[in-house]
Amino acid sequence: VRLIGALATASAVALAAFADTVSLKREAFVRGPQIRLDEVADIEGDNAETLKSIDLGVAPSPGASRHINSALIQARLESAGIPVENVVFDGAPAVRATTLAFEITPEMLEADLRRFIESRMPWSAADTVIDIDTPPQTYTVAVGDVSFQWRPPSAYRYIGPGSFRGEIRVDGTLTKTVICKANIEAYGDVVVAARDIPRGKTVGPADVTLERMPLANASAGFALDPGDVVGAVARANIFAGQPIVGRNTTPRTLVKRGQMVTAQVAAGGIVVRIHARAKTDAREGDLITCTNPDSKQEFEGVVLPDGTVEVN
């Protein structure tokens, strides 16, 4: 009897010496998307490194929990070809595994959308009022590298109301999509008529002035620099205080049909100029056909701001 008892004790000691120990925790936090054994248990023994990587299944959604017991772990070990008789289980009978979560508040969405708008709009932030309406709820996502990507409405000029589509990404993977509304009111100095400008009149320096106003109230294509409209011709009557835009002016005709112009061509660092006759009216930037009065040959060139025709 003493011999049998001694042998049993020796066998138990030998088993304990070679066994791996898995001690389940009562509470554990996991990152996902899968649960590893080393996240829910303390592991010791010769095969600890192998046991740590055992997959226990899909992690619950961020912030949610799942109970895992030793029976499930034993089944996973057997599926991985690890003899469960060589593993000693102790600690808690089951572990409550909760996936780590990161909460995105409406304030965070608003701050990032405001940063995006300020980086894209052509107006100074000091001259702009941005009102943002975000969804009231808090979004829960997995822990990781959280980033936001925003998409403005098509053809949006960053003036007035608009709906921005936001993507919440974790480690580069799309997790949530949100829609945030914003209203942008920018103020700036706009070129307006200082007095009535009749149709067909060339706009002079005294005809225009700058007036600070909400840019949303100005028509599309408004001018911000008087130099952009001085010298242009009014297409229609422009009344005092009315913003001057591209559609109510046209560039001044610099060259008249039949007018003698200076044409120049540059070659090898040398500029050659001749007199030529314009065949059509032309404005700055127009391509015009001219005739050399001596050779009668025709050529084309672009009208420069001073009326010179540049030949390429």
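From a predicted model like this one, the values you see are computed outputs, not experimental measurements. (Residues numbered from 1 in each chain as written. Predicted model: local features only at pLDDT ≥ 70, side-chain atom pairs only at ≥ 80, totals over all residues. Heavy atoms only, no water.)

> Got a sec to walk through the packing of aromatic side chains? Specific residues and values, please.
For the structure shown, the criterion picks out four aromatic pairs. Between the aromatic rings of Tyr158 and Phe164, the centroid separation amounts to 6.4 Å while the plane-to-plane angle is 45 degrees, which identifies the pairing as tilted. We note that Tyr158, like Phe164, is buried. Aromatic rings pair up to connect Phe116, Tyr156, Tyr158 and Phe164 into one cluster. (Phe/Tyr/Trp six-rings, centres within 6.5 Å; stacked < 30°, edge-to-face > 60°. Buried < 20%, exposed > 50% of the residue type's maximum accessible area, 1.4 Å probe, protein only.)

> How would you sum up the sheet that holds strand β7 (residues 87-91)? Please name residues and give values.
As summarised here, the arrangement of the three strands in space is β4-β1-β7, forming an open sheet in which the pairing is mixed. Looking at strand neighbours, the two that pair on one side only are β4 (41-44) and β7, the edges of this open sheet. Taking each pair of neighbouring strands and ignoring which way they run, the sheet shows an average axis angle of 20 degrees. Sitting on the sheet, helix α4 (residues 70-79) is in contact with β1 (20-24) and β7, with an inclination near 155 degrees to β7. (Pairing = 2+ DSSP bridges. Helix = DSSP H or I, 4+ residues; strand = E, 2+ residues; numbered from the N terminus. Axes fitted to C-alpha atoms, helices over the stretch in contact; angles between N-to-C directions. Contact = heavy atoms within 4.5 Å.)

> Describe the side chain of Arg169, listing the residues and the values that go with them.
Mapped onto the secondary structure, Arg169 falls in strand β13 (residues 160-170). Owing to a relative accessible area of 18%, Arg169 belongs among the buried residues under this scheme.

> Residues and numbers for the environment of Ile179, please.
Structurally, the position occupied by Ile179 is in strand β14 (residues 173-193). C-alpha separation for the pair Ile179 and Gly166, spaced 13 residues apart in sequence, amounts to 6.0 Å. Aside from chain neighbours lying at most four places away, what touches Ile179 is Pro135, Ser163, Phe164 and Arg165.

> Explain the pairing of strand β23 (residues 298-303) to me, and be specific about the residues and the numbers.
With five bridges joining them, strand β22 (residues 287-291) and β23 adopt antiparallel strand pairing. In the strand pairing of β23, Cys290 is matched with Phe299. Counted along the chain from β22 to the antiparallel partner β23, the turn is six residues long, and its residue Lys296 has a positive phi close to 65 degrees. Bridge analysis of β23 against strand β24 (residues 309-310) gives two bridges, and the strand direction is antiparallel. Of the residues in β24, the one forming a bridge with Val302 is Glu310. Here β23 folds back onto β24, and the loop between the two strands holds five residues, one of which, Gly307, carries a positive phi near 90 degrees.

> So what's going on with the sheet that holds β24? Residues and values would help.
Read once around its circumference, the closed barrel built from five strands follows the order β19-β20-β22-β23-β24, with strand pairing classed as mixed. By the bridge criterion, eight bridges tie strand β19 (residues 260-267) to strand β20 (residues 270-278) in an arrangement that is antiparallel. If you follow Val261 over to β20, its bridge partner there is Ala276.

> Quick one: what's the story with unusual backbone geometry, residue by residue and with numbers?
Cis geometry marks the peptide bond from Gly32 to Pro33, where omega comes out at 0 degrees. Mapped onto the elements of the fold, Pro33 is located in the loop between β2 (27-30) and β3 (34-36). The residue Tyr158 is not glycine, and still its phi comes out positive at about 60 degrees. Here Tyr158 is to be found in the loop between β12 (146-151) and β13.

> So, a nonpolar patch on the surface: which residues are in play, and what are the values?
Taken together, the side chains of Val265, Ile270, Val272 and Ile274 make up a nonpolar region of the molecular surface, amounting to roughly 310 Å² of accessible area. A per-element tally of the nonpolar patch places β20 first, with three residues. As for its placement among the helices and strands, Val265 is situated in strand β19. Using a relative accessible area of 32% as the deciding quantity, one classes Val265 as partly exposed. (Patch = residues over 30% accessible without salt bridge, like charges linked within 9 Å, V, L, I, M, F, W, Y side chains within 5 Å. Areas by Shrake-Rupley, 256 points an atom, 1.4 Å probe, with all protein chains shown as cover. Salt bridge = Lys/Arg side-chain N within 4 Å of Asp/Glu carboxyl O.)

> Could you give an account of the environment of Arg157, with specific residues and numbers?
For Arg157, the location among the structural elements is in the loop between β12 and β13. It is 9.7 Å that separates the C-alpha atoms of Arg157 and Ile184, two residues lying 27 residues apart in sequence. Leaving out residues up to four positions away in the same chain, Arg157 has contacts with Trp123 and Phe222.

> Quick rundown of the pattern of salt bridges? Include the residues and the values.
Tallied over the full model, the rule gives 13 salt bridges. For Lys52, the salt bridge identified is with Glu49, shortest N-O distance 3.3 Å. With Lys52 and Glu49 both in helix α3 (residues 48-52), this residue pair falls three residues apart, about one helical turn. With a relative accessible area of 60%, Glu49 lands in the exposed category. Lys279 is the salt-bridge partner of Glu298, the closest N and O atoms lying 2.6 Å from each other. Taken as a pair, Glu298 in strand β23 and Lys279 in the loop between β20 and β21 (282-283) lie far apart in primary sequence, 19 residues in all. Taking the relative accessible area as the measure of exposure, Lys279 reaches 36% and is therefore partly exposed. Residues joined in a network through salt bridges with shared partners are Asp127, Asp189 and Arg212.

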